Amino acid sequence: MKLTALGVWGGYPTADAGTTSYLLTSTDGIFHLLMDCGSRAVTELEHELSPNQLDAVILSHYHEDHIADLGVLRQYRQLQAEKLPILPIYGHAENPYEFSKLTLENVSKGIAYDVENGTSIGPFDIQFLKTVHPVVNYAMRLVERETGKTLVYTGDTGFLSALTAFSAGACVLLADVYHEKDKHDMPNHLSSVEAGTIAKNAAVKTLILTHLSQTANLSALTEEAQKAAGTAVTTSLAQPHKIWEI
Ligand SMILES: [Zn+2]
Ligand SMILES: [Zn+2]
């Protein structure tokens, strides 16, 4: 499968780059899943494929930096001349107000993912783990049934020891790394060293640092994470339109 970064900043957009959004495409190139829909997601997506080609959206949580472009996406699809299938938008149902906003008649339908038993979306089987964050956020472990390839996406999270077992053996760990190493054990986001340590202990192949802070020294952040992850893990700093073949 193929992972494409659309927006990689945490919190708010910067100049011409937006907040969290990723496109996951199945190995056969047929299925397109948008993971979170931060600011500029639609603009950046248009450089990769038509938003009309999206098959589903999945949301980790309802902070604005992960959903800012959801209304833009739905309006884009609503205004097309061609009749499009209703877009399934998967989110958790623990915030009824935010969940209710996922549904727009004839355009999109909110679907609550099953956090206990997992949910299948197209070619992907997905398990969930509630993380440490000021609002309810679910990390997700996506396995492509056809290939067994595995991606773990943390959404937003402070340090949580259960993330190690949840990420075990994954091809890619896409991790919220908002903090440099001096800010460990914070309740909202991981530090570089925490993410690297989880990647090492979970024996993932690749660690991708995302949800980046505008105030962080990104080369230092990457070095810290790489050092903690060890040489068996490839550590990669996310950038818009960077692609990882998984
Ligand atoms: Zn965030
Ligand atoms: Zn958040």
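Everything below is about the structure printed above this text.
Numbers given to residues run from 1 along each chain, matching the order in which its sequence is written. Chain letters and ligand numbers both follow the written order, the letters beginning at A and the numbers at 1. Where local features are concerned, this predicted model is filtered to residues with pLDDT of at least 70; where side-chain atom pairs are given and counted, the filter is 80 or more; whole-chain, interface and lining totals use all residues. Based on all heavy atoms of the structure, the side-chain values leave hydrogens and waters out of the count.

## Description of the pattern of salt bridges
The rule for a salt bridge is simple: a side-chain nitrogen of Lys or Arg has to be within 4 Å of a carboxyl oxygen of Asp or Glu. Under the criterion given, the structure shown has 4 salt bridges. The salt bridge partner of glutamate 44 is arginine 40, with a shortest N-O separation of 2.9 Å.

## Remarks on the environment of threonine 103
The numbering of helices and of strands both runs from the N terminus, where a helix is a DSSP run of H or I of at least 4 residues and a strand a run of E of at least 2. Of note, threonine 103 is situated in the loop between α4 (96-100) and β6 (108-112). Sequence-wise, threonine 103 and isoleucine 86 are 17 residues apart; in three dimensions their C-alpha atoms are separated by 9.6 Å. Contacts were defined at the residue level, with two residues in contact if any of their heavy atoms lie within 4.5 Å. For threonine 103, the residues in contact, after removing those within four places along its chain, are Arg74, Ser108, Lys109 and Gly110. Side-chain atoms alone can form a polar contact between residues adjacent in sequence; in general such a contact is a pair of N or O atoms within 3.5 Å, and within protein one must be able to donate a hydrogen while the other accepts it. Of note is the side chain of threonine 103, whose polar atom sits 2.8 Å from the backbone nitrogen of glycine 110.

## A short note on helix α3 (residues 70-78)
Classification of residues uses two cut-offs on accessible area relative to the type maximum, computed with a 1.4 Å probe and protein chains only: under 20% is buried, over 50% is exposed, and between them is partly exposed. Taken together, the buried positions of α3 are occupied by Leu70, Leu73, Arg74 and Arg77. Buried residues along α3 cover an arc of 95° about the axis, so they all sit on one side. Where α3 is buried, its residues touch β3 (32-37), α1 (41-46), β4 (56-58), α2 (64-67), β5 (87-91) and β6. By construction, the arc corresponds to the directions joining the helix axis to the C-beta atoms.

## A short note on helix α7 (residues 218-229)
The length a helix should cover is 1.5 Å for every residue beyond the first. An ideal rise of 1.5 Å per residue puts 16 Å on 12 residues; α7 measures up with 16 Å between its terminal C-alpha atoms. Phi for glycine 230, located one or two positions after α7, is positive at around 85°.

## Here we look at the coordination of the zinc ion (ligand 2)
Surrounding the zinc ion (ligand 2) are the protein donor atoms His61 (NE2), His63 (ND1), His133 (NE2) and Asp156 (OD), at 2.2 to 2.3 Å. Relative to the metal, the 4 donor atoms surrounding the zinc ion (ligand 2) lie at angles of 90 to 164°, and the coordination shape comes out irregular. Donor criterion used throughout: N, O or S atom within 2.8 Å of the metal, extended to 3.2 Å for Na, K and Ca. Water excluded; incomplete-looking sites may result. Between consecutive donor residues of the zinc ion (ligand 2), the sequence gaps follow H-x1-H-x69-H-x22-D. A distance of 3.4 Å spans the gap from the zinc ion (ligand 2) to the zinc ion (ligand 1), which aspartate 156 bridges by coordinating each metal. Within this pair, whereas histidine 61 is found in the loop between β4 and α2, its partner histidine 133 is found in the loop between β8 (124-130) and β9 (138-144), the two being separated by 72 residues in sequence. Assessed through its relative accessible area of 0%, histidine 61 is described here as buried. Geometry is assigned from donor-metal-donor angles: four donors are tetrahedral when every angle falls between 85 and 135 degrees, four are square planar and six octahedral when opposite donors sit over 155 degrees apart with all other angles between 65 and 115, and any other arrangement is irregular.

## Re the nonpolar core
Counting residues in hydrophobic clusters, the biggest one holds 55 residues, and the most contacted among them are Leu33, Ile58, Leu151 and Leu207. Broken down by element, the residue count for this core peaks at 5 residues, all from strand β11 (residues 172-179). Not counting the four nearest positions on each side in its chain, leucine 151 is found in contact with Met1, Leu3, Leu24, Met35, Met140, Arg141, Leu142, Val172, Leu174 and Ile246. What makes a nonpolar core is a set of buried Ala, Val, Leu, Ile, Met, Phe, Trp, Tyr and Cys residues whose side-chain atoms join them at distances within 4.5 Å.

## A few points about the sheet that holds β5
Strands are treated as partners if at least two bridges between them are detected by DSSP. With mixed pairing, the 7 strands of this open sheet are ordered in space as β6-β5-β4-β3-β2-β1-β15. The open sheet has two edge strands, β6 and β15 (243-245), and neither has a second partner. Neighbour to neighbour, the strand axes of the sheet diverge by 20° on average, direction disregarded. Sheet topology places β3 next to β4; 3 bridges connect them, and they run parallel. Every angle, taken between N-to-C directions, lies between 0 and 180 degrees, and every axis is a line fitted to C-alpha atoms, over only the stretch in contact when it is a helix.

## Examining the packing of helix α6 (residues 192-202) against α7
In a packed pair of helices, the relevant descriptors are the angle between the two axes and the axis-to-axis distance. Contact pair α6 / α7: the axes reach a minimum separation of 7 Å and the direction vectors enclose 30°. Judged on the interaxial angle alone, α7 and α6 are roughly parallel. As α6 runs across α7, the sense of the crossing is right-handed. Facing Ser192, Val193, Gly196, Thr197, Ala199 and Lys200 of α6, the residues of α7 in contact are Leu221, Glu224, Ala225, Ala228 and Ala229. By the convention adopted, Pro, Cys, Tyr, Trp, Phe, Met, Ile, Leu, Val and Ala count as nonpolar, Lys, Arg, Asp and Glu as charged, and the other residues, Gly among them, as polar. The class makeup of the residues in the contact of α6 with α7 is 6 nonpolar, 3 polar and 2 charged. Here roughly perpendicular refers to angles of 65 to 115 degrees, roughly parallel to angles under 35, roughly antiparallel to angles over 145, and oblique to all remaining angles. Less than a right angle of anticlockwise turn of the near helix away from the far helix marks a crossing as left-handed, whereas a clockwise turn marks it as right-handed.

## Notes on the packing of aromatic side chains
Geometry of an aromatic ring pair is reported as the spacing of the ring centres plus the angle between the planes. Note on aromatic contacts: the rings of Phe and Tyr and the six-membered ring of Trp form a pair at centre separations within 6.5 Å, being stacked when their planes are under 30 degrees apart, edge-to-face when over 60 apart, and tilted otherwise. Summed over the entire model, instances satisfying the criterion amount to 4 aromatic pairs. Where tyrosine 113 meets phenylalanine 128, the ring centres are 4.0 Å apart and the plane angle is 15°; that geometry is what we call stacked. Separated by 15 residues along the polypeptide, tyrosine 113 in the loop between β6 and β7 (119-121) and phenylalanine 128 in strand β8 bring together distant segments of the chain. Side by side, tyrosine 113 and phenylalanine 128 carry an identical accessibility label, which is buried.

## So, unusual backbone geometry
For aspartate 36, which is not glycine, the phi torsion reads 60° and is therefore positive. Here aspartate 36 is to be found in strand β3. Take aspartate 36: its relative accessible area is 0%, and that puts it in the buried class. Residue histidine 241 is not a glycine yet carries a positive backbone phi of 70°. Take histidine 241: it is sitting in the loop between β14 (234-237) and β15. Taking the relative accessible area as the measure of exposure, histidine 241 reaches 28% and is therefore partly exposed.

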